[in-house]
Amino acid sequence: MNYLGIEYQLKNLPELDGDFIPFGAWMDAYLKGATHPISIAVERNDGKITVRSTKIYNTPEMAAADYRFVERYVKFLLWSIGGFKVYLLGASEIAQHLQRDYVYFEDGAGENGERWFDVQFMQDVYENGFEIVDCDETSFPAENDASVSVGGHMDGCRIGFDAGGSDRKVSAVIDGECVYSEEVVWHPKTEPDPQYHFNEIVSAFRTAASKMPRVDAIGVSSAGVFIGNAPMVSALFIKVPREKEIRKQVKTIFDRAALEIGDVPIVVANDGDVTALVGAMSMGVKGVMGMAMGTSEAVGYVDRKGNVLGWFNELAFAPVDLNEKAMADEWSTDIGVGCKYFSQDAVIKLAPAAGIELDPTLTPAEKLLAVQALIEQGDPRAVKIYESIGCYLAHTINLYCHFYDICHLIVLGRVMSGRGGEIIMENCKKILRDEYPAIAESVNVMLPDERMRRVGQSVAAASLPEIR
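Residues numbered from 1 in each chain as written. Predicted model: local features only at pLDDT ≥ 70, side-chain atom pairs only at ≥ 80, totals over all residues. Heavy atoms only, no water.

With six of eight residues buried, strand 3 (residues 36–43) is to be regarded as a mostly interior element. Note that strand 3 and strand 4 (residues 49–56) share eight bridges and pair antiparallel. Residue pairing in the sheet places I40 in a bridge with R52 of strand 4. What sits between strand 3 and strand 4 in their antiparallel hairpin is a turn of five residues, with D46 showing a positive phi close to 60 degrees. (Buried < 20%, exposed > 50% of the residue type's maximum accessible area, 1.4 Å probe, protein only. Helix = DSSP H or I, 4+ residues; strand = E, 2+ residues; numbered from the N terminus. Pairing = 2+ DSSP bridges.)

Another point: the side chain of D101. Of note, D101 is situated in helix 3 (residues 92–101). Despite its burial, D101 pairs with no opposite charge; the closest candidate is R115, at 5.5 Å N-O. Residues contacting D101, with those up to four places away along its chain left out, are Y67, G113, E114, R115 and W116. (Lys, Arg positive; Asp, Glu negative; His and termini not counted. Salt bridge = Lys/Arg side-chain N within 4 Å of Asp/Glu carboxyl O. Contact = heavy atoms within 4.5 Å.)

Further remarks concern the packing of aromatic side chains. All chains considered together, the criterion is met by 31 aromatic pairs. Ring geometry for F84 against Y126: centres 5.8 Å apart, planes inclined by 55 degrees, an arrangement best described as tilted. Of the two residues, F84 sits in the loop between helix 2 (63–80) and strand 5 (85–89) while Y126 sits in helix 4 (residues 116–126), which places them 42 residues apart along the sequence. Residue classification places Y126 among the buried residues on the basis of a relative accessible area of 10%. Members of the aromatic cluster, connected to one another through ring pairs, are W79, F84, Y104, W116, F117, F121, Y126, F312, F317 and W331. It is K211 that lies over the ring of Y180; its NZ or CZ is 4.8 Å from the centre. (Phe/Tyr/Trp six-rings, centres within 6.5 Å; stacked < 30°, edge-to-face > 60°. Lys NZ or Arg CZ within 6 Å of the ring centre and 35° of its normal.)

Right, let's get into the nonpolar core. Ranked by size, the top nonpolar core spans 107 residues in total, and within it W26, V70, L88, I385 and Y386 carry the most contacts. Ranked by residue count, the leading element in this core is helix 11 (residues 380–403), at twelve residues. Once residues within four sequence positions are removed from consideration, W26 is found in contact with Y3, I6, Y8, I21, A65, F69 and L322. Counting 30 residues, the second-largest nonpolar core is a separate cluster that includes A163, A208, V220 and F254. (Core = buried A, V, L, I, M, F, W, Y, C linked by side-chain atoms within 4.5 Å.)

Across the sheet, which stays open at both edges, the four strands sit in the order 15-14-16-17 with mixed pairing between neighbours. The open sheet has two free edges, formed respectively by strand 15 (297–302) and strand 17 (444–446), since each of these has just one partner strand. The sheet shows a mean angle of 15 degrees between the axes of neighbouring strands, direction not considered. Where strand 16 (residues 408–412) and strand 17 come together, three bridges link them in parallel fashion. Each bridged residue has a counterpart across the sheet, and for I410 the counterpart in strand 17 is M446. Contacts between helix 8 (residues 271–283) and the sheet are confined to strand 14 (288–293), strand 15, strand 16 and strand 17, with strand 15 contributing the most and set at about 50 degrees to the helix. (Axes fitted to C-alpha atoms, helices over the stretch in contact; angles between N-to-C directions.)

A separate point is the side chain of S222. Here S222 is to be found in strand 10 (residues 217–222). A residue is classified by how much of its surface remains accessible, and S222, at 0% relative accessible area, is buried.

Below, the discussion takes up helix 10 (residues 364–376). For helix 10, built from 13 residues, the straight-helix expectation of 18 Å at 1.5 Å per residue is met to within 8% by its first-to-last C-alpha distance of 19 Å. Those residues of helix 10 that sit buried are K367, L368, V371, Q372, L374 and I375. Relative to the axis of helix 10, the buried residues are bounded by an arc of 155 degrees and lie together on one face. In helix 10, the exposed residues that point more than 90 degrees away from the buried face are L369 and E376. Contacts made by the buried residues of helix 10 are with helix 9 (344–354), helix 11 and helix 12 (418–435). (Expected span 1.5 Å × (residues − 1). Arc of directions from axis to C-beta.)

Reading across from one edge, 4-3-5-6 is the order of the four strands in this open sheet, with mixed pairing throughout. If you trace the sheet from one side to the other, it starts and ends with strand 4 and strand 6 (131–135), each paired once. Adjacent strand axes in the sheet meet at a mean angle of 20 degrees when their direction is disregarded. Contacting strand 4, strand 5 and strand 6, helix 3 runs over the sheet at an angle of about 165 degrees to strand 6.

In terms of burial, strand 7 (residues 157–163) is largely enclosed, as seven of its seven residues are buried. Direction of pairing for strand 7 relative to strand 8 (residues 167–174): antiparallel, over a ladder of seven bridges. When the bridges of strand 8 are listed, G160 appears paired with S171. Connecting strand 7 to the next strand, strand 8, in antiparallel fashion are three residues. Note: strand 7 against strand 10, six bridges, orientation parallel. Within strand 10, the residue paired with G160 across the bridge is G219.

A word on the pattern of salt bridges. Taken as a whole and assessed by the stated rule, the structure comprises 27 salt bridges. The partner of E71 in a salt bridge is R72, with the nearest N and O atoms 2.7 Å apart. The pair E71 / R72 is uniform in exposure class, with both members buried. With a closest N to O distance of 3.1 Å, R419 and E422 form a salt bridge. With a gap of three residues between them, R419 and E422 both fall in helix 12, about one helical turn apart. Taken together, the shared-partner salt bridges in this structure form one network comprising E71, R72, K75, E114, R115, D118 and D334.

Next comes the structure, spelled out in structure tokens:
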């Protein structure tokens, strides 16, 4: 197989998506012939800078391959790490090309570049202008990065709160034992009034507090991107107006809710990171990635020190497929990104190729249920869908291992339920052994077991803060 002059060999491609070009496998082949060193740095909040060094060809005949590689590599760094400034050293022409792609005019005063969504998103999160910087050696920044130790603290009386999109779960935990837990339906995604969200959060905190003699700490697991405890972008507050004063209420919502309980430490973490923490706590291991295939793709990571990195881990928007005719994501407008390969969208996307016609009036969740009913009946067409997703997963684990040090990958979510999830796992592991034997030996790919279910998201959230 050949893409942009790079020959790469694969034994396995998804049966229902033969045009799939795994970014990781192509990158492996590309780097074998690249000799010109370049460095890329990504800056995010509090002056944190992550540096990566790689190579390109830097020849006229390989210019297209060079740009494709660096553009996708930078895109992956942005959505795995997060940042508002990207520095490039040793690739001036590529840096200048990226500068044209990463243009966004909020007021519509000019023509946006291809990566306008990325610019808009990062500016919303970091409240800084986005910039691509073409550097020389004197202006290239030094690394300034460190993981953050959170979680695993079980002493004292703790509240754990899991803020889901359709229900909220709170637990009261005393010295590691859950003494009370409840789930309450709420409607954060349709409610524009931030006071509604605040009242619901406080109500949950107070309920848990009433089950304990005191409250020593509060931990929160929530969808979204956080700077400290502030939700900078979160689907939970999607209907809340973006005016500055209202936005300030959202950014302080969890800290203010904690003060209603008392002067106790509170830590808020992305739900993907808390999922990875559940795995690390339940198995007593480190180097854990949690990956949920549901409405979209959600990912979290705990490093080999047992710490979270403070990264985005928004891999739903990170590239996995280089096929230039791949399906576009409706939100980010980019093609070949994770949400179309590791969510209910992947099942729906592959259904026509499998010969399954889904009722267009059904919701995406209902379409997934329809295919799941077929797989439970042993329908061979549905089997091909899940085998193809397993193939996607195997090749993408290779990609993720370029950016994360993974020892254990826990795969969960509604797409992984029932026989379909078993087929995904079986084919993924088979292809890992066939294509990437070293990864098959070093990465434990697994479904959540009973130990992880016992820990639970809200209980793991309760362990986030250290008691002062």
